[in-house]
Amino acid sequence: MYAWLWRHLPGDLVTRVCVAVGGAVAVGVVLWYLVFPWVEPKLQFDHGTVGGGTSAPARPSP
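Everything quoted here is computed from the prediction, not taken from an experiment.

Q: Where do I start with the overall build of the protein in this structure?
A: Across its full length, the protein carries two helices and zero strands. Accessible surface, the protein as shown: approximately 5900 Å² in total, 70% of it carbon and sulfur.

If you want it as C-alpha cells, here you go:
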C-alpha cells in the first residue's frame, strides 16, 4: 500500500517527501482536533472500574 501511494505522489523525491509529510500532518490534525474529541466522551478512559466494587478494603467483623 505504501509503495502504491509513493508511486502516485507527484514530483521528484523532495516533492514527494514534502507531500507525504504534509499529508501525515493533515491526518494527525484531523485526528487530534476532530476525531479524538468526538470519541473521548464515548470511551471515558478515566472512569474505569474493575469488578464494580468499592476501593476500600473489607473490614473484618468483630
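Okay, back to it.
Q: Looking at this model, I keep getting lost on the environment of Trp6. Mind explaining?
A: Following the sequence through the fold, Trp6 ends up in helix 1 (residues 2–8). In this structure Trp6 comes out as partly exposed when scored by relative accessible area, which is 33%. Between the C-alpha atom of Trp6 and that of Val17, which follows or precedes it by eleven residues, the distance is 9.1 Å. Discounting chain neighbours no more than four positions away, the residues touching Trp6 are Leu13, Arg16, Val17 and Ala20.

Q: Hey, could you run me through the packing of aromatic side chains in this one?
A: Centre-to-centre distance and the angle between the planes together describe a pair of aromatic rings. In the structure shown here, the tally under the stated rule is one aromatic pair. Ring plane angle 75° and centroid distance 6.4 Å describe the contact between Trp32 and Phe36, whose orientation is recorded as edge-to-face. Highlighted residues: Trp32 and Phe36, both in helix 2 (residues 13–43), separated by four residues, approximately one helical turn. Judged by its relative accessible area of 58%, Trp32 falls in the exposed class.

Q: How should helix 2 be read in this particular structure?
A: Structurally, the α-helix is built with 3.6 residues per turn, so residues lying three or four positions apart point the same way. Of all the bends in helix 2, the greatest reaches close to 45° and is centred on Phe36; the proline Pro37 follows between one and four positions later. Just beyond helix 2, the residue with positive phi is Gln44, at close to 50°.

Cut-offs used in this document
Residues numbered from 1 in each chain as written. Predicted model: local features only at pLDDT ≥ 70, side-chain atom pairs only at ≥ 80, totals over all residues. Heavy atoms only, no water. Helix = DSSP H or I, 4+ residues; strand = E, 2+ residues; numbered from the N terminus. Areas by Shrake-Rupley, 256 points an atom, 1.4 Å probe, with all protein chains shown as cover. Buried < 20%, exposed > 50% of the residue type's maximum accessible area, 1.4 Å probe, protein only. Contact = heavy atoms within 4.5 Å. Phe/Tyr/Trp six-rings, centres within 6.5 Å; stacked < 30°, edge-to-face > 60°. Bend = angle between axes of the 7 residues up to and from the residue.

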